[in-house]
Amino acid sequence: MSLERKHIIFWLPIFLVCCIGFTTVLNTAQQVSAVIETKQKVFEAGDTIALNFKLNTPARTQLFLHASFGSTVLDSDTAHYTLPEFVSNKKGVIHYTLLHDSKIILKGTIEVKANATNPVQLESYVGPPSIIAGGTDYTMQVVVPTDIYDNILPDSTAMRLKYQFLDTEKEEGLYSKDMIGWVNIFSYEQSGRLLISSKVRETASKEFSVEVFPSLPEDFQISSQRKHSYADGNQITEFITSVLKDDYGNIVSDGTLVEFKIKDKKGVVLQTQGGTVNGQAIGKILHPDHQDVWEVIAFIPGIAKSNVIQLEYASVLNDFEVKFSNDNREIVVGPLLSFMDQLIPDGAIVALKIKKDKSVETKIKSSSNGIVRFLLKEEFYPSGKYAIKIEALGVQKEFSQTPLK
């Protein structure tokens, strides 16, 4: 029992000392307080921002910063803090919280404004890059003024916008609102190129250009041009439009597609097309290979149409010779003579139809030096009587009951 008392007596002073020390530490942590010595509350972007705090007792603290571009924590033994550039260079409200042993001892805010002393930087946007003449279509210009740290300048920043179109030059003033300045620029009745620029203080933007294209074309006229009016299947007929213009007299843009619809006397529809150059489009098509009458009309699909013209093509061939040889298995058509008794140009189509009973077969060949040859081989056409019909350039000849041996 006496030994236990000695141990208790020995450890009791040490225990009391520890308790007193622990209580002192707790009291110290609870009693740390701070006030901010930095009186300035508003800074410009790019300024060196120092936040100094005065503690009632020396202690290690941490400063938690929350800004528009994120959060960070700074440590200090003196309660003096210099904010990093990625925080001090950005416009907005910075919330700070001073901590000691993870406990909040002070809170507050400061504000960073855009830098108004350094040269302004501009971000300019223009679009769409092309509009239609007539005064109803428009392009938009947007100007975003910033400082050198990419902070948006405050509302009501003055801007100057300039435009040039043909002989017209204009200048317009406006003020930024909700971070930007913008304006709608409407087209004129004429087509051309619109030049746009902007300026804020001494900083000017680059030059922007907007193409003002002609409006939709009006109805137009067409005419034809050809070397002769014979249906030789060889020459080319051209269909030519008048100069296509819009409602304001602007010549339509190059490349506007015009479709030419051609209807022959049987009701068959042919088609050709051409793109405009200097307002005119030309469509080309071969002459028919037989006597025919064409009705021609042109369209810009869904937009405009032309008048209707009629063209007549005279037969180039009145008659032709047909010679049978080798037991009628070799048939020579020609010579094919054109309207001046000259040989028809190479490539004229000649069709031979051969019929036995109900079976009909058609052979098609093109002429060479005005002649076409057909060979009816025995392995394909056994001996017997056949009905043969030959057609060339709209002229037909029939030979019924032709014997093949």
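Since the structure is predicted, the reported quantities are computational estimates derived from the model, not experimental observations.

Draft legend 1. Region of interest: the packing of aromatic side chains. Here the structure, examined in full by the defined rule, presents eight aromatic pairs. Look at Phe53 and Tyr81: their rings are 6.1 Å apart centre to centre, the planes differ by 70°, and that puts the pair in the edge-to-face class. Pair noted here: Phe53 is in strand E3 (residues 50–55) and Tyr81 is in strand E6 (residues 80–82), with a separation of 28 residues, a long-range link. Overall, the relative accessible area of 2% leaves Phe53 in the buried class.

Draft legend 2. Structural detail: the confidence of the model for the protein chain. Model confidence for the protein chain is summarised by a mean pLDDT of 87, while 93% of its residues fall at 70 or above. The secondary-structure element of the protein chain with the lowest mean pLDDT is helix H1 (residues 2–31), recorded at 49, while strand E21 (residues 257–263) shows the highest, at 96. Counting contacts from residues 16–29, a segment whose pLDDT is below 50, to residues more than four positions away or on other chains yields two contacts.

Draft legend 3. The arrangement of unusual backbone geometry in detail. In this chain, Gly127 is followed by Pro128 through a cis amide linkage whose omega measures 0°. By the secondary structure assignment, Pro128 is in the loop between strand E9 (121–127) and strand E10 (130–132). With omega at 5°, the peptide bond leading from Gly334 into Pro335 counts as cis. By the element assignment, Pro335 lies in the loop between strand E28 (330–333) and strand E29 (349–356). The phi angle at Ser102 is positive, at roughly 65°, despite the residue not being glycine. Looking at the secondary structure, you find Ser102 in the loop between strand E7 (92–100) and strand E8 (103–113). In this structure Ser102 comes out as exposed when scored by relative accessible area, which is 67%. Positioned with a positive phi, Arg201 is a non-glycine residue whose angle comes to about 55°. Position of Arg201 among the secondary structure elements: in the loop between strand E15 (192–200) and strand E16 (203–204). Look at Arg201 and you get partly exposed, because its relative accessible area is 42%.

Draft legend 4. Just the pairing of strand E12 (residues 158–165), in detail. Residues Met159, Leu161, Tyr163 and Phe165 line the buried face of E12, whereas the alternating positions Ala158, Arg160, Lys162 and Gln164 sit on a face that is not buried. Direction of pairing for E12 relative to strand E13 (residues 168–175): antiparallel, over a ladder of eight bridges. Looking at E13, one finds that Met159 is bridged to Leu174. The turn joining E12 and E13, which pair antiparallel and follow one another in sequence, is formed by two residues; a positive phi near 50° is taken by Leu166. For E12 and E15, the ladder comprises six bridges, and the chain directions are antiparallel. When the sheet's bridge partners are listed, Tyr163 is paired in E15 with Ile196.

Criteria and cut-off values
Residues numbered from 1 in each chain as written. Predicted model: local features only at pLDDT ≥ 70, side-chain atom pairs only at ≥ 80, totals over all residues. Heavy atoms only, no water. Phe/Tyr/Trp six-rings, centres within 6.5 Å; stacked < 30°, edge-to-face > 60°. Helix = DSSP H or I, 4+ residues; strand = E, 2+ residues; numbered from the N terminus. Buried < 20%, exposed > 50% of the residue type's maximum accessible area, 1.4 Å probe, protein only. pLDDT = per-residue confidence, 0-100. Contact = heavy atoms within 4.5 Å. Pairing = 2+ DSSP bridges.

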